[in-house]
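Reading the structure
Below are the chains, spelled out letter by letter.
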Amino acid sequence: MTTPQHLAGNLLRVRESIAAACGRARRDPRDVTMVAVTKTASVEAIRALVDLGVDDLGESRVQQLQERAAELAALPGRAVRWHMIGHLQRNKIKAVLDAGVESFHSVDSLRLAEELNERAERMGKRLSLMIQVNCSREPQKFGVAVGAATFLAEMLASLKHVRLTGLMTMGPLSDDPEASRPSFARLRELMDDMHRDGIGGPELRHLSMGMSHDHAVAIEEGATIVRIGSALFAGC
Ligand SMILES: *Cc1c(COP(=O)(O)O)cnc(C)c1O
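Everything quoted here is computed from the prediction, not taken from an experiment.

So, how was this worked out
Residues numbered from 1 in each chain as written. Predicted model: local features only at pLDDT ≥ 70, side-chain atom pairs only at ≥ 80, totals over all residues. Heavy atoms only, no water. Near = heavy atom within 4 Å. Polar contact = N/O pair within 3.5 Å; in protein donor to acceptor, adjacent residues only side chain to side chain. 1 Å grid on protein atoms, 1.4 Å probe; cavity = no way out; pocket = protein on both sides within 12 Å on 5 of 7 lines; lining within 4 Å. Sits in = over half its atoms within 2 Å of the grid points. Helix = DSSP H or I, 4+ residues; strand = E, 2+ residues; numbered from the N terminus. Contact = heavy atoms within 4.5 Å. Axes fitted to C-alpha atoms, helices over the stretch in contact; angles between N-to-C directions. Parallel < 35°, antiparallel > 145°, perpendicular 65-115°, else oblique. Left-handed = near helix turned anticlockwise from the far one by under 90°. Nonpolar A, V, L, I, M, F, W, Y, C, P; charged D, E, K, R; others polar. Salt bridge = Lys/Arg side-chain N within 4 Å of Asp/Glu carboxyl O. Buried < 20%, exposed > 50% of the residue type's maximum accessible area, 1.4 Å probe, protein only. Expected span 1.5 Å × (residues − 1).

1. Some remarks on the site of the ligand
Lining the immediate surroundings of the ligand are Val-37, Lys-39, Ser-60, Ile-85, Met-170, Met-211, Ser-212, Arg-227, Ile-228, Gly-229 and Ser-230. Here Arg-227 contributes a side-chain N or O atom positioned 2.8 Å from a nitrogen atom of the ligand. At a separation of 2.8 Å, an oxygen atom of the ligand approaches a polar backbone atom of Gly-229. Placement of the ligand is best described as lying within the largest pocket.

Here you go:
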């Protein structure tokens, strides 16, 4: 059953957990953005969450993103920002841009970035890109190797219609949130290295890391964006 009260309770718990993690890390909760990942949610539940004040929404699959963005756009009210957080094939770029997406968390090749740049130029847009890094070295996962991320970041600097705003990673497949800590720490070190070496400019400041089960660890390690799905929509 989707009830706004149930969603409100979930949202409150997630926000409290984010605030508690910020407290432990002596960080300002305003420096952590929650992207609500809608892949398991109904349009009614998404709408109710938006009404509760959440305006950053994320999807990992192109078709779901298209459908949901269209259904939400048809409803009057708050404007939302959609984030593409999943692996993106080049032949789907146009569809995602047509759906209004301007933020991409999972760029993992120069060709993908170049094509996003070309499309953005044609549409008169400037897109925010994050590089997905495979910090846990799990072979089945998407993302560039840690050692290749710096090169990709340097190449992105020459593309005028995209800007590199951050790095993204996923923890290893595990129920234990602590299993993610080394990957999250590695991503933060990687961004620190880039800053030190003058790569990426001032807009490179986001770490998109942490999901429902490991967002607290991610915040302790410096996440500025957490991507939360099941903890928000469970039971809805
Ligand atoms: C599904 C998904 C999430 C959210 O996962 P939950 O465990 O439901 O919070 C975050 N990031 C990506 C890339 C995802 O695919």
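Still to come is the rest of the account.
2. Thoughts on the side chain of Ser-106
For Ser-106, the position within the fold is in strand E4 (residues 103-107). A polar contact is formed between the side chain of Ser-106 and the backbone oxygen of Gly-86, at a distance of 2.5 Å. Excluding anything up to four places from it in sequence, Ser-106 contacts Met-84, Ile-85, Gly-86, His-87, Leu-112, Met-130 and Gln-132.

3. With respect to the packing of helix H2 (residues 43-51) against helix H3 (residues 62-73)
When two helices pack together, you describe them by how their axes are tilted relative to each other and by the distance separating the axes. Closest axis-to-axis distance for the H2/H3 pair is 11 Å, and the angle between their directions is 55 degrees. Looking at the two axes, H2 sits oblique to H3. For H2 against H3, the interelement crossing comes out right-handed. From H2, Val-43, Ile-46 and Val-50 reach across to H3, where they touch Arg-68, Glu-71 and Leu-72. A class-by-class count of the residues in the contact of H2 with H3 yields 4 nonpolar, no polar and 2 charged.

4. Here's the deal with the pattern of salt bridges
Under the counting rule described, the total for this entry stands at 18 salt bridges. Salt-bridge contacts for Asp-56 lead to Arg-81; the nearest nitrogen and oxygen are separated by 2.8 Å. Of this pair, Asp-56 sits in strand E2 (residues 56-59) while Arg-81 sits in strand E3 (residues 81-84), and the two are 25 residues apart along the sequence. When its relative accessible area of 7% is taken as the criterion, Asp-56 is described as buried.

5. Let's talk about helix H7 (residues 181-196)
Since the α-helix turns once every 3.6 residues, residues separated by three or four places project in the same direction. Between its terminal C-alpha atoms H7 stretches 22 Å, which fits the 22 Å expected from 16 residues at 1.5 Å a residue. Considered for burial, the residues of H7 that qualify are Ser-183, Phe-184, Ala-185, Leu-187, Leu-190, Met-191 and Met-194. The secondary structure elements touched by the buried residues of H7 are strand E5 (127-134), helix H6 (146-156), strand E7 (162-168), strand E8 (206-208) and helix H8 (215-220). Backbone geometry just downstream of H7 places Gly-198 in the positive-phi region, at approximately 70 degrees.

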